[in-house]
Amino acid sequence: MRPATLEDVAREAGLSAMTVSRAINTPQVVRPKTVEKVMAAVRATGYIPNALAGGLASKRSKLIAVVVPQINNSMFVDTIQSISDELARRGYHMLLCVAGYTHESEAEIVTTILSRRPDGIVLTGIHHSPELRKTVLNASIPVVEIWDLTPTPLDMLVGFSHAKVGYAIGQYLLNKGYRRFGLIWTEDRRAAQRKNGVCELLAQHGVDTPTEVLVPLPASLKLGREACASLLESDAVPDVLVCSSDTLAQGAIVEAMHRGMRVPEDIAVMGFGDLDFAAFHEPAITTVGIDRWGVGKRATDMLLEKLAGGFVSDPIVDVGFVLIERHSA
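The following refers to the structure shown.

Here is what the cut-offs are and how they apply
Residues numbered from 1 in each chain as written. Predicted model: local features only at pLDDT ≥ 70, side-chain atom pairs only at ≥ 80, totals over all residues. Heavy atoms only, no water. Helix = DSSP H or I, 4+ residues; strand = E, 2+ residues; numbered from the N terminus. Rg over C-alpha atoms; globule rule 2.2 N^0.38 Å. Contact = heavy atoms within 4.5 Å. Areas by Shrake-Rupley, 256 points an atom, 1.4 Å probe, with all protein chains shown as cover. Expected span 1.5 Å × (residues − 1). Pairing = 2+ DSSP bridges. Axes fitted to C-alpha atoms, helices over the stretch in contact; angles between N-to-C directions. Buried < 20%, exposed > 50% of the residue type's maximum accessible area, 1.4 Å probe, protein only. Patch = residues over 30% accessible without salt bridge, like charges linked within 9 Å, V, L, I, M, F, W, Y side chains within 5 Å. Salt bridge = Lys/Arg side-chain N within 4 Å of Asp/Glu carboxyl O.

**Side note on the overall build of the protein**
So, step 1. A tally of helices and strands in the protein yields 12 helices and 12 strands.
So, step 2. Against the compact-globule benchmark of 20 Å for 329 residues, the protein has a radius of gyration of 25 Å, which places it well outside the compact range.
So, step 3. Structurally, the protein occupies a C-alpha span of about 80 × 40 × 30 Å along its principal axes.
So, step 4. Considering only residue pairs separated by 6 or more positions, the protein has 68% of its internal contacts joining residues 24 or more positions apart.
So, step 5. Approximately 16,000 Å² of the protein is accessible, and the part contributed by carbon and sulfur atoms is 53%.

Next comes the structure, spelled out in structure tokens:
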């Protein structure tokens, strides 16, 4: 069975193909009753409009591509939803793409996306391969990078300094009197910046290099438990565990308490992200909060403002962060 064509819709509606095309692509210039008639014919025939072809004529696809490393990471969920909601409110659609954490996979995904002619693109992070940077810049569309900070973005940027987060975590825990640090960390570039910030701050204060356990992505409670067990069975048992996410911190707390330890009396635990469960965990997790929803909304506002021909006065937005003291540390 062949797919329905524009001509099939025209016959069903009893109208010319040109009128049907206008009703589908530019309904604002066609009488409402005609649009209603055409839409009824579209439903009756099962016709699927060629959005790309219409976009070529209007130079607008109404698609915004959003590239994230993973969707099973709670850290990105609010940001993705915020972008989607704001785009829908303003007549755009989101094309969500999962690129992983390698330059190669990101470059391949973005090249494929750009062949669909999106009106703009949101990229996670600021570290991209030279090939990807060249491809994106040659596309001549608005770009917003999120979840990181640099004075030299591709175009626009909404994020925060991961290194400063690390410094803040290290200083907070030193002020609390902790001196034997253990790290439970995922292997991604942004998390590594936070870890380096912690380690640099500790080194400045003469604190021994932390014992570290690296875990694969994505982070999980199970991996947090296993890493905590490894550190607790080492020769130098930490008095505080610093985790690259609240999920790992949750696992660390579960494992420590399973072994009869009190948190934070016997061992403290610090997370990152202020995920939904962090405040309601027992004990509540000390963490770093990011306005994840605000990142998505601000990125969308900047992108659509530029698409509308407006001037983005501040192309670099630092949303900052807040260290949230709770019971676990």
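**Notes on helix α6 (residues 103–114)**
So, step 1. A rise of 1.5 Å per residue sets the reference length of α6, with its 12 residues, at 16 Å; its end C-alpha atoms lie 16 Å apart and thus fit the reference within 8%.
So, step 2. Looking at the buried residues of α6, the elements they touch are β1 (63–68), β2 (93–98), β3 (120–124) and α7 (130–139).

**Remarks on the sheet that holds strand β4 (residues 143–146)**
So, step 1. Strands sit in the order β2-β1-β3-β4-β5-β11 across an open sheet of 6 strands; the sheet is parallel. The two strands at the open ends of the sheet, each matched to only one other strand, are β2 and β11 (316–318). With strand direction ignored, the average angle separating the axes of adjacent strands in the sheet is 15 degrees.
So, step 2. As judged from the 4 bridges shared by β1 and β3, these two strands associate in the parallel manner. The residue bridging I64 from the neighbouring strand is G120, located in β3.
So, step 3. Sheet contacts for helix α5 (residues 74–89): β1, β2, β3 and β4; angle to β2, the most-contacted strand, approximately 155 degrees.

**Re the pairing of strand β6 (residues 181–186)**
So, step 1. With 6 of 6 residues buried, β6 lies mostly within the body of the structure.
So, step 2. Going residue by residue along β6, you find F181, L183 and W185 tucked away on one face and G182, I184 and T186 tucked away on the opposite face as well.
So, step 3. With 4 bridges connecting them, β6 and strand β8 (residues 240–243) associate as parallel partners. Bridge pairing in β8 places F181 opposite V240.

**Observations regarding a nonpolar patch on the surface**
So, step 1. On the surface, a nonpolar cluster with roughly 240 Å² of combined accessible area is contributed by I71, L96 and V98.
So, step 2. With respect to the secondary-structure elements, L96 resides in strand β2.

**Some words on the pattern of salt bridges**
One side chain can pair with another of opposite charge once the charged atoms of both are near each other.
So, step 1. Within the structure shown, the criterion is met by 16 salt bridges.
So, step 2. A salt bridge links K222 to E226, with the shortest nitrogen-to-oxygen separation between them at 2.6 Å. In this pair, K222 and E226 both sit in helix α10 (residues 221–232), 4 residues apart, roughly one turn of the helix.
So, step 3. Given the relative accessible area of 54%, K222 is considered exposed.
So, step 4. With a relative accessible area of 41%, E226 lands in the partly exposed category.
So, step 5. Here R225 makes a salt bridge to E255, at a shortest N to O gap of 2.8 Å. You can see R225 sitting in helix α10 and its partner E255 sitting in helix α11 (residues 246–258), a full 30 residues away along the chain.
So, step 6. Under the relative-accessibility criterion, R225 is labelled partly exposed at 25%.
So, step 7. Judged by its relative accessible area of 8%, E255 is buried.

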